[in-house]
Amino acid sequence: MAEPFKADNRKREQIRMSQRTNTNELIIDAVGLTKIFKDFWMRTKATAVDGITFNIQKGELFGLLGPNGSGKSTTIKLILGLLNTTRGRLTVFGREPHDVAVKRFIGFLPEESYLYPYLNSTETLDYYGRLYGIGRKIRKRRSEELLEMVGLSQVAHRQVGEFSKGMMRRIGLAQALINDPELLILDEPTSGLDPIGTRQVKDLLVELKSRGKTILLSSHLLSDVEDVCDRMAILYGGKIHAEGTADELLVDSDHTLIRMPRIRNDGTISQIESILAQNEGTSIESVEQPRQNLESFFINIVESAREQRIATSGAHTGDTAPFLKGNEEGEVLIDKLIDNDSQVQNAQEVQKKLQSTETEDVQVLDDLVNSEETTARATEASTEQIVSTDADSTIIDSLLSDNDDKDSQE
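Treat the numbers as computed from the prediction; the structure is a model and nothing was measured. (Residues numbered from 1 in each chain as written. Predicted model: local features only at pLDDT ≥ 70, side-chain atom pairs only at ≥ 80, totals over all residues. Heavy atoms only, no water.)

### Here's the deal with the pairing of strand S6 (residues 183–187)
Taking burial as the measure, the five residues of S6 include five buried ones, the bulk of the element. Burial along S6 is two-sided: the face carrying Leu-183, Ile-185 and Asp-187 and the face carrying Leu-184 and Leu-186 are both buried. Strand direction decides the pairing type here: S6 and strand S7 (residues 214–219), joined by five bridges, are parallel. Residue pairing in the sheet places Asp-187 in a bridge with Ser-218 of S7. Once the chain exits S6 it traverses helix H6 (residues 195–210) before rejoining the sheet at S7, and the crossover so formed is right-handed. (Buried < 20%, exposed > 50% of the residue type's maximum accessible area, 1.4 Å probe, protein only. Helix = DSSP H or I, 4+ residues; strand = E, 2+ residues; numbered from the N terminus. Pairing = 2+ DSSP bridges. Right-handed = clockwise from strand over helix to strand, strands pointing away.)

So, in structure tokens, the structure goes:
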């Protein structure tokens, strides 16, 4: 029997995966995870990941921090099933990372976007959407929304090979979101982006997290992780040296910060210092005015320029794609149902073709077997004829010999 088509199984698989996710809140669970690279002679070249243990819960935004060569990218490749573990246990959605069933629930942006250079932006997103089995109408709508979101709608028909690094990161982020993934893995997502694109990525991550998406963010830019992550782990030499929330890891237990409106009377500061000396036995270390973040200042300048409609050739980013917000309209949902029905019909047609092909194959085999039997019988018959011919010739020769003897006697 031929293997049945996977269209209906795909729906059942999604249901089972959602049930598994609901019952088990751990999306990623690593225990003693180790990856050792060896040379041809099986000698250890490098221990990229050395017995790390961590987990990521459903709806959590987890940051993986560390300098270059600390094991971040290797850990991501292990999670994606691109590398085999040397030791330890690793599960994704409660399954082995190599299980193909979990791939459709994952969106991945690698550190370097390796996209087909001869495809344009629209064709690139359509290609990856087809890999995920997304219907044509939904692919088209999502591609338009994502290109508008990342600011590439004006160059939608330009070949990807002509893009700058920042534009490559934008189209790479769009392809990672085309399937509306349950688990989004981003490796250095803000590399090559301007401050506006960086802020947009951060806002997008927060918005996806509010929808219950699970996100793994790998970066060596500490501010990116600090601004958005719920928990983080710091890697060095393939080992986790610190793990926890930002407040747990960054709290300064040696100082107290009191925030208040600006004090304009220096006498007030003197009174506060005398109270501290009397009650706490300490003094004020410094008095300074707080300043805003440089990123926030930059964003304010750009927004002010946009309000003045100052012309620029840079990317004009849009709002988050509606399907990523979960705000799809009724027409979109109807299109999904229609696409699902068409996929089922296509599956039935393919199944019929497979069955007919199988019947034809069986018929061909029967014909071959019958042909071989006929050939064998013909060979046996010809052999029998040859034997009988030899026997007849022998008898004739003996009779002729007898006649010759009689003639000689006469």
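### Things to note about the sheet that holds strand S1 (residues 26–38)
Taken in spatial order, the three strands of this open sheet run S2-S1-S4, and their pairing is antiparallel. In this open sheet, the two edge strands, each paired with only one partner strand, are strand S2 (44–57) and strand S4 (87–92). Here the strands of the sheet are splayed against their neighbours by 20 degrees on average, with no regard to which way each runs. Contacting S1, S2 and S4, helix H2 (residues 72–80) crosses the sheet at an angle of about 65 degrees to S2. (Axes fitted to C-alpha atoms, helices over the stretch in contact; angles between N-to-C directions. Contact = heavy atoms within 4.5 Å.)

### Section: empty space enclosed by the protein
One pass over the full model with this rule turns up two cavities of 30 Å³ or more. Taken as a whole, the largest cavity spans an internal volume of roughly 70 Å³. Lining the largest cavity are Val-150, Arg-169, Arg-170, Leu-173, Pro-189, Leu-193, Gly-197, Gln-200 and Val-201. Elements with a minimum of two residues in the lining of the largest cavity: helix H5 (165–177) and H6. Classifying every residue of the lining of the largest cavity gives five nonpolar, two polar and two charged. Here the second largest cavity is characterised by a volume of approximately 30 Å³. The wall of the second largest cavity is formed by Pro-189, Thr-190, Val-201, Lys-202, Leu-205, Leu-217, Asp-224 and Val-228. Elements supplying a minimum of two residues to the lining of the second largest cavity: H6 and helix H7 (222–228). With three residues, H6 is the single largest residue contributor to the lining of the second largest cavity. (1 Å grid on protein atoms, 1.4 Å probe; cavity = no way out; pocket = protein on both sides within 12 Å on 5 of 7 lines; lining within 4 Å. Points joined across faces, edges and corners; volume = space filled by probe spheres on them. Nonpolar A, V, L, I, M, F, W, Y, C, P; charged D, E, K, R; others polar.)

### Comments concerning the environment of Pro-181
Within the element layout of this structure, Pro-181 appears in the loop between H5 and S6. Pro-181 gets classed as buried once you look at its relative accessible area, which sits at 5%. Taking the C-alpha atoms as reference points, Pro-181 and Phe-105, separated by 76 residues in sequence, lie 5.0 Å from one another. Setting aside chain neighbours within four positions, we find Pro-181 in contact with Phe-105, Ile-106, Gly-107, Ala-176 and Lys-213.

### Here we look at the layout of surface pockets
Approximately 1,200 Å³ is the volume attributed to the largest pocket. Forming the boundary of the largest pocket are 23 residues, of which Thr-256, Leu-257, Ile-258, Ile-284 and Ser-286 lie nearest the centre. Here the residues of the lining of the largest pocket sort into eleven nonpolar, six polar and six charged.

### Observations concerning the pattern of salt bridges
Close approach of charged atoms allows side chains with opposite charge to pair. In total, this model carries 15 salt bridges according to the counting rule given. The partner of Arg-43 in a salt bridge is Asp-39, with the nearest N and O atoms 2.9 Å apart. For Lys-213, the salt bridge is made with Glu-182, and the minimal N-O distance between the two is 3.3 Å. A residue pair is termed long-range when its members are at least 10 positions apart, and Lys-213 in the loop between H6 and S7 and Glu-182 in the loop between H5 and S6 qualify at 31 residues. On the basis of relative accessibility, which here comes to 32%, the residue Glu-182 falls in the partly exposed class. (Salt bridge = Lys/Arg side-chain N within 4 Å of Asp/Glu carboxyl O.)

### Quick look at H5
Side chains of residues three or four places apart in an α-helix project in the same direction, reflecting 3.6 residues per turn. When the terminal C-alpha atoms of H5 are compared, their 19 Å separation across 13 residues agrees well with the 18 Å that a helix rising 1.5 Å per residue should span. Counted residue by residue, H5 has twelve buried out of 13 residues, so it is predominantly covered. (Expected span 1.5 Å × (residues − 1).)

### Here we look at the packing of aromatic side chains
Here the structure, examined in full by the defined rule, presents six aromatic pairs. With a centroid separation of 5.0 Å and an interplanar angle of 85 degrees, the aromatic rings of Phe-40 and Trp-41 are classed as edge-to-face. Here the aromatic rings of Tyr-116 and Tyr-127 are separated by 5.5 Å at their centres, their planes lie at 90 degrees, and the arrangement is edge-to-face. With Tyr-116 in the loop between strand S5 (106–109) and helix H3 (121–131) and Tyr-127 in helix H3, the pair connects residues that are eleven residues apart, well separated along the chain. By relative accessible area, Tyr-127 is classed as partly exposed at 31%. One aromatic cluster is present, built from ring pairs that chain together Tyr-116, Tyr-118, Tyr-127 and Tyr-128. One cation-aromatic arrangement involves Lys-35 over Phe-37; the distance from NZ or CZ to the ring centre is 5.2 Å. (Phe/Tyr/Trp six-rings, centres within 6.5 Å; stacked < 30°, edge-to-face > 60°. Lys NZ or Arg CZ within 6 Å of the ring centre and 35° of its normal.)

### Things to note about the side chain of Asn-120
If you trace the backbone, Asn-120 turns up in the loop between S5 and H3. Here Glu-123 takes part through its backbone nitrogen, which lies 2.7 Å from a polar atom of the side chain of Asn-120. Every residue in contact with Asn-120, bar those within four places of it in the chain, is listed here: Ala-156, His-157, Arg-158, Gln-159 and Val-160. (Polar contact = N/O pair within 3.5 Å; in protein donor to acceptor, adjacent residues only side chain to side chain.)

### Comments concerning the nonpolar core
Grouped together as the largest cluster of nonpolar side chains are 42 residues, with contacts concentrated most on Leu-146, Leu-177, Leu-205 and Leu-324. Broken down by element, the residue count for this core peaks at seven residues, all from H5. Formed by 26 residues, the second largest nonpolar core is a distinct cluster that contains Val-49, Phe-54, Leu-80 and Leu-216. (Core = buried A, V, L, I, M, F, W, Y, C linked by side-chain atoms within 4.5 Å.)

Geometric values such as these leave the question of function open.
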